[in-house]
Amino acid sequence: MTEHVIYRTDRGPTPQITAALAKRGVATSHEAYGRRGLLGPELRPIYPRARIAGRAVTVLSHPGDNLMIHASIEQCGEGDILVVATTSRSTDGMFGDLFATQLLRRGVRGLVTDAGVRDIADLEEMGFPVWSRAVHAQGTAKSVPGSVNVPIVVAGQLVNPGDIIVADDDGVLCVPLTEGEAVVEAAAKREANEKAKRRRFHDGELGLDVYDMRPLLERLGVRYVDADDPEDSR
């Protein structure tokens, strides 16, 4: 029989690291992490313009059953993000406003789930952001055991308890806890570089020249042809 366990752990990033990654957002942090760590694009925010980062508290649940979400709440604290996976694919509405009420009371910043959620209007009004595979009113049971704070796979990405989750309109990113400081530094450098490029684009320069891509086009055999030149018409 498979063992089911609830791990108690304080493993997680500092508030300074999560604040810095929340500020930079998913796209910049993903690039800074070497274009790694993204959860699949099937996870979408239930309402726009939410941006969070925090420590992952992980849940492994049976599909169609939210018992372990109930069991996970006492393991959550200020600045955490609840991350829920199911043992097989599910779109059932495993999470709603009553869960969010409990989590907000504990300072939890949001939910990422590989299953479904419901009570969308209430969650938006409460200001509790969620990234989910589906929005579905289908109810669930509370009878099948699972585990809390164990490694899980969510939308194709491994998430360990204590890892850093970053989520916004661009999707969801997981940064391993041990990589957090390095990603913050790389993201700051990338942001400064993008700011400089944005000024050059605003002044009229083209990406072809800023990125020095004209020699690449030439090496690839791309040539410029005047459309009204009869000798070069194709």
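Residues numbered from 1 in each chain as written. Predicted model: local features only at pLDDT ≥ 70, side-chain atom pairs only at ≥ 80, totals over all residues. Heavy atoms only, no water.

Stated formally: UniProt positions are given in the numbering used here, feature names are shortened, and annotations may be inferred rather than shown by experiment.
As recorded by an unreviewed UniProt entry, the protein carries the name Putative 4-hydroxy-4-methyl-2-oxoglutarate aldolase and is attributed to Prauserella salsuginis. One UniProt comment on the protein, placed under Sequence similarities (unreviewed entry), says "Belongs to the class II aldolase/RraA-like family." Recorded under Cofactor (unreviewed entry), the UniProt text for the protein is reproduced unchanged: "a divalent metal cation".

## Here's the deal with the pairing of strand E6 (residues 130-135)
For clarity, the threshold we go by: Pairing between strands requires that DSSP locate at least two bridges from one strand to the other. Numbered from the N terminus, helices here are DSSP runs of H or I no shorter than four residues, and strands are runs of E no shorter than two.
As paired strands, strand E1 (residues 44-45) and E6 are joined by 2 bridges and run antiparallel to one another. Paired with Arg44 across the two strands is Ser132, which belongs to E6. Of the strand pairs in this sheet, strand E5 (residues 110-117) and E6 are connected by 5 bridges, and their pairing is parallel. Counterpart to Val112 in the pairing with E6 is Trp131.

## Some points on the pairing of strand E2 (residues 52-61)
Selection rule: Only protein chains enter the accessibility calculation, which uses a 1.4 Å probe; a residue whose area is less than 20% of its type maximum is buried, one above 50% is exposed, and one in between is partly exposed.
E2 sits mainly inside the fold: 9 of its 10 residues count as buried. Where E2 lies against strand E10 (residues 164-168), 4 bridges are found, and the strand directions are antiparallel. Bridge pairing links Ala53 to Val166 in E10. Sheet topology places E2 next to strand E7 (residues 147-148); 2 bridges connect them, and they run antiparallel. Considered in E7, the bridge of Val59 is made with Val148.

## Side note on the nonpolar core
The condition is simple: By nonpolar core is meant a set of buried Ala, Val, Leu, Ile, Met, Phe, Trp, Tyr and Cys residues that side-chain atoms within 4.5 Å join together.
By size, the foremost hydrophobic cluster in this structure holds 44 residues, and its most contacted members are Leu82, Val83, Phe95, Val112, Phe128, Val154 and Ile165. Ranked by the residues each element gives to this core, the list is headed by strand E3 (residues 80-86), at 5 residues. Grouped together as the second largest cluster of nonpolar side chains are 15 residues, Ala32, Val166, Val183 and Ala187 included.

## Notes on the packing of aromatic side chains
To keep it simple, the criterion reads: Here a pair means two rings of Phe, Tyr or Trp (six-membered ring of Trp) with centres within 6.5 Å. Their orientation is stacked below 30 degrees between planes, edge-to-face above 60, and tilted elsewhere. Here, over-ring charges are defined by two tests on the NZ atom of lysine or the CZ atom of arginine: distance to the ring centre within 6 Å, and angle to the ring normal within 35 degrees.
Tallied over the full model, the rule gives 3 aromatic pairs. With a centroid separation of 5.4 Å and an interplanar angle of 20 degrees, the aromatic rings of Phe95 and Phe99 are classed as stacked. Residues Phe95 and Phe99 agree in their burial class; the two are buried. Seen in terms of ring centroids, Phe95 and Phe128 are 5.7 Å apart; in terms of plane orientation they differ by 20 degrees. Their pairing is stacked. On the criterion of sequence distance, the pair formed by Phe95 in strand E4 (residues 93-95) and Phe128 in the loop between helix H4 (120-126) and E6 is long-range, its members being 33 residues apart. Residues Phe95 and Phe128 agree in their burial class; the two are buried. What links up through ring pairs into an aromatic cluster is the set Phe95, Phe99 and Phe128. Directly above the aromatic system of Tyr33 lies the positively charged group of Arg36, at a separation of 4.0 Å from the ring centroid.

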